[in-house]
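Chain residues, written in single-letter form:
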Amino acid sequence: MASKSPDLMERIVSLCKRRGFVFQSSEIYGGFNSCYDYGPLGAELKRNVKNAWWQAMVTGREDIVGLDSAIIQHPAIWQASGHLAGFADLLVDCRVCKGRFREDHLEQKGVCPNCGGKGDLTEARAFNLMFKTFAGPVEDASHTVYLRPETAQGIFTNFVNVVNSARMKPPFGIAQIGKSFRNEITPGNFVFRTREFEQMEMEFFIPPGEDDQWYEYWIKQRHEWYVRFGVRAEKLRLRKHDDDELAHYSTGCTDVEYEFPFGWSELEGIAKRGCFDLTQHSEASGKDLSFFDEAKKERYLPHVVEPAAGCDRAAMTFLVDAYDEEKLVDQKSGKEDVRTVLHFHPQIAPTTTAVFPLVKKEGMPEKAKEIQGILQAAGISSFYDQKGAIGRRYRRQDEVGTPWCLTVDGDTLSEGTVTIRDRDSMKQDRCPVADLVEEIRTRVRNWKRE
Ligand code: ATP
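This is a predicted model, so every value here is computed, not measured.

## What to know about the pattern of salt bridges
Side chains bearing opposite charge may pair, as long as their charged atoms lie close to each other.
Phase 1 of the analysis: Taken as a whole and judged by the stated rule, the model has 41 salt bridges.
Phase 2 of the analysis: The salt bridge involving Glu 326 is made with Arg 339; its shortest N-O contact spans 3.1 Å. Taken together, the residues span a long stretch of sequence, with Glu 326 in strand β17 (residues 323-329) and Arg 339 in strand β18 (residues 336-342) at a distance of 13 residues. Across the pair, Arg 339 and Glu 326 agree in class, each one buried.
Phase 3 of the analysis: Glu 370 is the salt-bridge partner of Lys 367, the closest N and O atoms lying 3.3 Å from each other. In this pair, Lys 367 and Glu 370 both sit in helix α10 (residues 364-377), three residues apart, roughly one turn of the helix.
Phase 4 of the analysis: Judged by relative accessible area, Glu 370 falls into the partly exposed class, the value being 44%.
Phase 5 of the analysis: Salt bridges linked by common partners bring Arg 237, Arg 239, Glu 245, Asp 255 and Glu 257 together as one network.

Below is the structure:
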């Protein structure tokens, strides 16, 4: 097993760059602090994370619908939601080293985490985290707009549109995946905290009084989602917020946390928001956002339970948790070797299969390409590689987490079978080409983290 240390994080970051998961953004210009670009494999990984979430939250259920709202919205929304007045971090400055820090991130009150200076920190000041810009050519206060700091408000402001168009009634949810922006003071830990990131949020609207039951339900569902997609349960924990940590509108919040090499940190929060948001937007817009229950002949403002996750944090969790360096001993020579492998769930892995011709002749490349085509046509992603020794080709796929490598050899041509080599066990089996699509689908369904 790979050791858990800060140094481990460096090795993961270096793998991400080398193999095209994540690049430093604007690299040719020297990079831009804490901005990242996802490379070919990272783009697939992130897409798979989003699909897994969307399937669990929207398409796999009857009671949740999707939404894709705008990033730039009416500024009055942020006034009503409380973000203009209250979406701020309390910051302290160090008079000695001039560093600026979040007060709630200080390890010791009054002590600078950078230079260790005592008693030289300023009083905390509020710093609003929303990015400001102007809509249209005039740059004055009346044209100021904000990049959304969360996707949730686009859901609340469309509540009535969705109820009327999709004929939903509580309990039901509206889910959204999209970019959010926060001018974080101390971004860091790779893609864990950045200023531009993607969220996966769902607002679940319920009749008042059902808050606790749905809150417990969603905590359980969201914790199970990470485990279902391969994250080791012992690396996850649920942390209930203390009363003094809660936002003023919230009566309860529980975080799903993961034990990263840099410590336990939040992946997602499940919060009880009461009817705060719909009340605020009803009052500020003058529009009635209540729901009329036909059966009970009752009108009420629904309450909300919200699971809010980060797509980048989830992708990073799957990566970190999948990463392993295994010591292998060669049976014949007794030589030790280290195999770097990503034990991704097959639905999270950037590529599901890789197809190799054993040698670059005797019709094997053509056959391998044909098999790749069959898999791709069946919706199974497949990478073709004919370069280098077969063992090295396996290792290259292990390093990016491809669950199955298929090797085309002489028997493929004469008998119509291929070798399937399993990433986790390294076991090899033969399978008729005719059964390959079904075999891979079965393996995807039955996969379990060792
Ligand atoms: P934190 O305490 O880490 O700043 P938060 O409690 O403010 O996070 P929420 O407002 O609850 O976060 O946002 C929901 C989710 O969005 C978080 O759990 C996280 O996964 C993601 N998220 C929030 N801020 C960032 C960020 N700066 N970079 C990446 N992901 C983020």
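## A word on the domain arrangement of the chain
Phase 1 of the analysis: Partitioning the chain into domains gives domain 1 (8-76 + 133-319), domain 2 (88-128) and domain 3 (351-446).
Phase 2 of the analysis: On the domain 2 side, the residues contacting the five residues of domain 1 number six residues.
Phase 3 of the analysis: Of the roughly 460 Å² buried between domain 1 and domain 2, counting both surfaces, carbon and sulfur atoms make up 59%.
Phase 4 of the analysis: The tally of links from domain 1 across to domain 2 stands at one salt bridge.
Phase 5 of the analysis: In this structure, Glu 184 engages Arg 102 in a salt bridge whose closest nitrogen and oxygen atoms are separated by 3.7 Å.
Phase 6 of the analysis: The interface formed by domain 1 and domain 2 contains zero residue pairs in polar contact (both at pLDDT 80 or more).
Phase 7 of the analysis: Looking at side-chain class alone, the side of domain 1 that touches domain 2 contains one nonpolar, two polar and two charged residues.

## Description of the side chain of Ser 282
Phase 1 of the analysis: Tracing the chain through its elements places Ser 282 in helix α8 (residues 276-285).
Phase 2 of the analysis: Residue classification places Ser 282 among the buried residues on the basis of a relative accessible area of 16%.
Phase 3 of the analysis: Ignoring any residue separated from it by four or fewer positions in sequence, one finds Ser 282 in contact with Lys 287, Asp 288, Leu 289 and Leu 301.

## Comments concerning the site of the ligand
Phase 1 of the analysis: Lining the immediate surroundings of the ligand are 15 residues, of which Glu 184, Arg 193, Thr 194, Glu 266 and Leu 267 lie closest.
Phase 2 of the analysis: A distance of 2.7 Å separates an oxygen atom of the ligand from a polar atom in the side chain of Arg 193.
Phase 3 of the analysis: Arg 313 is positioned with one of its side-chain polar atoms (N or O) 3.2 Å from an oxygen atom of the ligand.
Phase 4 of the analysis: Computed on the free molecule, the ligand has an accessible area of 590 Å², of which 82% lies beneath the protein chains in the complex.

## Points about the packing of helix α2 (residues 40-59) against helix α9 (residues 311-322)
Phase 1 of the analysis: Running from amino to carboxyl end, α2 crosses α9 at an angle of 110°, the nearest separation of the two axes being 10 Å. As summarised for this structure, α2 and α9 are arranged roughly perpendicular, according to the angle between their axes. The segment α2 lies against α9, with Leu 45, Lys 46, Val 49 and Lys 50 engaging Cys 311, Asp 312, Ala 314, Ala 315, Phe 318 and Leu 319.
Phase 2 of the analysis: In the contact of α2 with α9, the residues fall into seven nonpolar, no polar and three charged.

## Digging into the sheet that holds strand β10 (residues 196-206)
Phase 1 of the analysis: Pairing within the open sheet is mixed, and its seven strands lie in the order β3-β9-β10-β16-β13-β12-β11. In this open sheet, the two edge strands, each paired with only one partner strand, are β3 (64-67) and β11 (236-240). This sheet shows a mean twist of 25° between the axes of neighbouring strands, independent of strand direction.
Phase 2 of the analysis: In this sheet, strand β13 (residues 263-274) lies alongside strand β12 (residues 252-260) in antiparallel orientation, the contact comprising nine bridges. Residue Asp 255 lies in a different strand from β13, and its bridge partner there is Gly 269.
Phase 3 of the analysis: Docked against the sheet, helix α7 (residues 211-228) engages β3, β10, β11, β12, β13 and β16 (303-310), running at close to 150° with respect to β13.

## Looking at the nonpolar core
Phase 1 of the analysis: Counting 55 residues, the largest nonpolar core has Trp 225, Tyr 226, Phe 318 and Phe 344 as the members making the most contacts within it.
Phase 2 of the analysis: Ignoring sequence-local partners within four residues, the contact set of Trp 225 consists of Val 49, Ala 52, Trp 53, Ala 56, Met 200 and Phe 318.
Phase 3 of the analysis: In terms of nonpolar packing, the next biggest core, distinct from the first, is built from 18 residues, Ile 371, Leu 406, Val 418 and Val 433 among them.

## So, unusual backbone geometry
Phase 1 of the analysis: Omega for the bond connecting Pro 170 with Pro 171 falls within 30 degrees of zero, at 0°, which places this linkage in the cis form.
Phase 2 of the analysis: On the secondary structure map, Pro 171 appears in the loop between α6 (159-166) and β9 (172-181).
Phase 3 of the analysis: If you check the backbone angles, Lys 98 has positive phi at about 70° while not being a glycine.
Phase 4 of the analysis: By secondary structure assignment, the location of Lys 98 is in the loop between β4 (88-93) and β5 (100-102).
Phase 5 of the analysis: The class of Lys 98 is exposed, set by a relative accessible area of 64%.
Phase 6 of the analysis: At Arg 167, a residue that is not glycine, the phi angle is positive and equals roughly 50°.
Phase 7 of the analysis: With respect to the helices and strands, the residue Arg 167 is situated in the loop between α6 and β9.
Phase 8 of the analysis: Arg 167 gets classed as exposed once you look at its relative accessible area, which sits at 74%.

## Section: the environment of Arg 11
Phase 1 of the analysis: On the secondary structure map, Arg 11 appears in helix α1 (residues 6-18).
Phase 2 of the analysis: Separated by 309 residues in the primary sequence, Arg 11 and Val 320 have C-alpha atoms spaced 10 Å apart.

## Structural notes on the pairing of β12
Phase 1 of the analysis: Extensive coverage of β12 is indicated by the burial of eight of its nine residues.
Phase 2 of the analysis: Taken together, the five bridges between β11 and β12 define a ladder with antiparallel strand orientation. Note on β12: the bridge partner recorded for Lys 240 is Thr 254.
Phase 3 of the analysis: Between β12 and β13, which pair antiparallel and follow one another directly, the connecting turn spans two residues.

Scoring rules and cut-offs
Residues numbered from 1 in each chain as written. Predicted model: local features only at pLDDT ≥ 70, side-chain atom pairs only at ≥ 80, totals over all residues. Heavy atoms only, no water. Salt bridge = Lys/Arg side-chain N within 4 Å of Asp/Glu carboxyl O. Helix = DSSP H or I, 4+ residues; strand = E, 2+ residues; numbered from the N terminus. Buried < 20%, exposed > 50% of the residue type's maximum accessible area, 1.4 Å probe, protein only. Domains from an automatic or database assignment. Contact = heavy atoms within 4.5 Å. Buried area = accessible area lost by both parts, 1.4 Å probe. Polar contact = N/O pair within 3.5 Å; in protein donor to acceptor, adjacent residues only side chain to side chain. Nonpolar A, V, L, I, M, F, W, Y, C, P; charged D, E, K, R; others polar. Near = heavy atom within 4 Å. Areas by Shrake-Rupley, 256 points an atom, 1.4 Å probe, with all protein chains shown as cover. Axes fitted to C-alpha atoms, helices over the stretch in contact; angles between N-to-C directions. Parallel < 35°, antiparallel > 145°, perpendicular 65-115°, else oblique. Pairing = 2+ DSSP bridges. Core = buried A, V, L, I, M, F, W, Y, C linked by side-chain atoms within 4.5 Å.

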